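Okay, here's what each chain looks like letter by letter:
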Amino acid sequence: MVPLLCLWLVTLNEKTASLPVPMRNSASDDNINMAAPVALHLEFGGGAELLFDGVKEHHVTLPDQLDPWDMKQLLVWIKENLLKERPELFVQGDTVRPGILVLINDADWELMGELQYELQDKDNIVFISTLHGG
C-alpha cells in the first residue's frame, strides 16, 4: 500500500508542476504596480556639500520602482550615486550620521517620519551638517 501512495504523490507533483503559468496580456501590465519616477531638489550645506564635490544643489529624478520611494531608499541612492568621498561622514548604518540636520520641505524630518517618509514629486530635501572641525 505504501508504494501506491508514493506513486500517487509523485503523479500529483508532476501534474502540479506542469500547470500553466499565467501570462501577461499586454505591455501595460508591466506598469500596474510601479511607482512613478520622483523628481527631487536636494541641498547640502554646513560643510556637507564638500562630500559631494562642493556642489550644494542637485536636481535629481529617482527612477520608477515597485515600491514608492522613501527616505531610507533615498539615502542609499545618494550614497551610491552622488556621494564622492568619506561616506562615514554622511551616513551611519541606514540613516544619516548624528549631527546632520535633515529637512523635508522646510520641516524637521523627525516630524515627517524620518526614514519612513514617502517621497513625493518635487519634494525639497535639505541636509545640513552641524559637525565642524576645530
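Coordinates for the structure precede this section.
Residues numbered from 1 in each chain as written. Predicted model: local features only at pLDDT ≥ 70, side-chain atom pairs only at ≥ 80, totals over all residues. Heavy atoms only, no water.

### With respect to the packing of aromatic side chains
For any pair of aromatic rings, the description rests on two quantities: the centre-to-centre distance and the angle between the ring planes. Enumeration according to the criterion identifies 5 aromatic pairs in this entry. When the centroid spacing of 5.3 Å and the interplanar angle of 10 degrees are considered together, the rings of Phe44 and Phe127 count as stacked. Of this pair, Phe44 sits in strand E1 (residues 38-45) while Phe127 sits in strand E7 (residues 123-129), and the two are 83 residues apart along the sequence. An identical accessibility class is assigned to Phe44 and Phe127; each is buried. Between the aromatic rings of Phe52 and Phe90, the centroid separation amounts to 5.4 Å while the plane-to-plane angle is 85 degrees, which identifies the pairing as edge-to-face. Taken together, the residues Phe52 in the loop between E1 and strand E2 (57-62) and Phe90 in the loop between helix H2 (71-81) and strand E3 (91-92) connect sequence positions 38 residues apart. In this structure Phe52 comes out as buried when scored by relative accessible area, which is 1%. Its relative accessible area of 0% is what places Phe90 among the buried residues. (Phe/Tyr/Trp six-rings, centres within 6.5 Å; stacked < 30°, edge-to-face > 60°. Helix = DSSP H or I, 4+ residues; strand = E, 2+ residues; numbered from the N terminus. Buried < 20%, exposed > 50% of the residue type's maximum accessible area, 1.4 Å probe, protein only.)

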